Amino acid sequence: MQINKKNQLNWKVNCTSAQAKFELERSNDAQHYKSITAITADQLRCDQPFTYTDEAPLPGTNYYRLKMIDVDGKIAYSNIVLLSVKTQPFELVGLNPNIISKENAVLKVNAIEKTEMILSITDFSGRRISTQTGLLMPGYNQFPINTSILVTGAYQLTGYAAGQKPQTLRFIKQ
């Protein structure tokens, strides 16, 4: 989870030995990892959740995994968690479907703060077809996009927020 441009990681483990060492590793390419913190825990500590805040995440995408080392030296890795450092208040994730044959589609938007967003559909000549306003809440948002007034063709859906660079997705109406 991202809080104030810092990545907060939470995990819980199941220790099978009296003591275990955990290394939280980070990568920007999901291939080359470096340890950013290490914890040694006894059986009692393993029963409690762990939290770590990455105060200086890498720009862009951060991949995290937990390297678990038991007393016998056996190593195991957790699933990889992906967190992106977002610098804009919102990100247009996608339009589903992007080839629209029915009347509606769903726009998926991630937001890091509460903000108002204006959505505008234009044709490729730049003519504005429709506009709607939505309130983004922090996290994952979905907006129904009414495409019933659109004729067959290619369109752009652009999201605007005050003081931010517009973001555009392209789609086709069949």
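Our subject is the structure listed above.
So, here's what we can say about the structure. Remember, predicted model here, so these are calculated numbers, not experimental data. (Residues numbered from 1 in each chain as written. Predicted model: local features only at pLDDT ≥ 70, side-chain atom pairs only at ≥ 80, totals over all residues. Heavy atoms only, no water.)

**A word on the nonpolar core**
Phase 1: Judged by nonpolar contacts, the single largest core of 20 residues is most densely connected at Leu-95, Leu-107, Val-109, Met-117, Ile-145, Leu-157 and Phe-171.
Phase 2: Going through the elements one at a time, strand E9 (90-96), strand E11 (104-111), strand E12 (115-123), strand E14 (139-146), strand E15 (153-160) and strand E16 (167-173) are the ones with two or more residues in this core.
Phase 3: The dominant element in this core, judged by the number of residues it contributes, is E11, at 4 residues.
Phase 4: The residues touching Ile-145, leaving out its near neighbours within four places in the chain, are Leu-95, Glu-103, Asn-104, Ala-105, Leu-107, Leu-119, Ile-121, Gln-132 and Leu-157.
Phase 5: Leu-9, Val-13, Ala-20 and Tyr-64 belong to the second-largest nonpolar core, a separate cluster that totals 13 residues. (Core = buried A, V, L, I, M, F, W, Y, C linked by side-chain atoms within 4.5 Å. Buried < 20%, exposed > 50% of the residue type's maximum accessible area, 1.4 Å probe, protein only. Helix = DSSP H or I, 4+ residues; strand = E, 2+ residues; numbered from the N terminus. Contact = heavy atoms within 4.5 Å.)

**Focus: the sheet that holds strand E13 (residues 128-136)**
Phase 1: Within the open sheet, the 5 strands sit side by side as E10-E16-E15-E12-E13. Their pairing is mixed. A strand with exactly one partner marks an edge of an open sheet, and here the two such strands are strand E10 (99-100) and E13.
Phase 2: By the bridge criterion, 8 bridges tie E12 to E13 in an arrangement that is antiparallel. Looking at E13, one finds that Met-117 is bridged to Gly-134. (Pairing = 2+ DSSP bridges.)

**Notes on the packing of aromatic side chains**
For any two aromatic rings, the description comes down to two numbers: the centre-to-centre distance and the angle of the planes.
Phase 1: Evaluation of the coordinates by the stated rule reveals 3 aromatic pairs.
Phase 2: An angle of 10 degrees between the planes, with centres 5.5 Å apart, marks the rings of Trp-11 and Phe-50 as stacked. Residue Trp-11 is located in strand E2 (residues 6-11), and its partner Phe-50 is located in strand E5 (residues 50-54); the two are separated by 39 residues in the primary sequence.
Phase 3: On the basis of relative accessibility, which here comes to 15%, the residue Trp-11 falls in the buried class.
Phase 4: Ring geometry for Phe-22 and Phe-50: centres 5.5 Å apart, planes at 55 degrees, overall tilted. With Phe-22 in strand E3 (residues 19-27) and Phe-50 in strand E5, this pair connects stretches of sequence that are 28 residues apart. When sorted by exposure, Phe-22 lands in the same class as Phe-50, which is buried.
Phase 5: Aromatic ring contacts, followed pair by pair, group Trp-11, Phe-22 and Phe-50 into a single cluster. (Phe/Tyr/Trp six-rings, centres within 6.5 Å; stacked < 30°, edge-to-face > 60°.)

**Brief notes about the environment of Lys-12**
Phase 1: Following the sequence through the fold, Lys-12 ends up in the loop between E2 and E3.
Phase 2: Residue classification places Lys-12 among the exposed positions, given a relative accessible area of 54%.
Phase 3: With 54 residues separating them in the primary sequence, Lys-12 and Leu-66 have C-alpha atoms 11 Å apart.
Phase 4: Beyond its immediate chain neighbours, meaning those up to four positions away, Lys-12 contacts Cys-46, Asp-47 and Gln-48.
Phase 5: Side-chain polar atoms of Lys-12 contact the backbone oxygen of Asp-47, separated by 2.5 Å. (Polar contact = N/O pair within 3.5 Å; in protein donor to acceptor, adjacent residues only side chain to side chain.)

**Focus: the pattern of salt bridges**
Phase 1: In total, this model carries 5 salt bridges according to the counting rule given.
Phase 2: With its nearest N and O atoms 3.6 Å apart, the salt bridge here joins Glu-23 to Lys-21.
Phase 3: On the basis of relative accessibility, which here comes to 34%, the residue Lys-21 falls in the partly exposed class. (Salt bridge = Lys/Arg side-chain N within 4 Å of Asp/Glu carboxyl O.)

**Considerations on the sheet that holds E5**
Strand pairing within a sheet occurs via backbone hydrogen bonds; the two strands may be parallel or antiparallel.
Phase 1: The 3 strands lie next to each other as E1-E2-E5, forming an open sheet whose pairing is antiparallel. Each having just a single partner strand, strand E1 (2-3) and E5 make up the two edges of the open sheet.
Phase 2: The sheet contact formed by E2 and E5 spans 5 bridges and is antiparallel. Across the sheet, residue Leu-9 finds its bridge partner in E5, namely Tyr-52.

**Some details on the side chain of Gln-167**
Phase 1: For Gln-167, the location among the structural elements is in strand E16.
Phase 2: You can call Gln-167 buried: its relative accessible area is 15%.
Phase 3: Within polar-contact distance, the side chain of Gln-167 engages the backbone oxygen of Phe-90 at 2.6 Å.
Phase 4: Each residue touching Gln-167, except ones within four places of it in the same chain, is listed here: Gln-88, Phe-90, Glu-91, Leu-92, Leu-157, Thr-158 and Gly-159.

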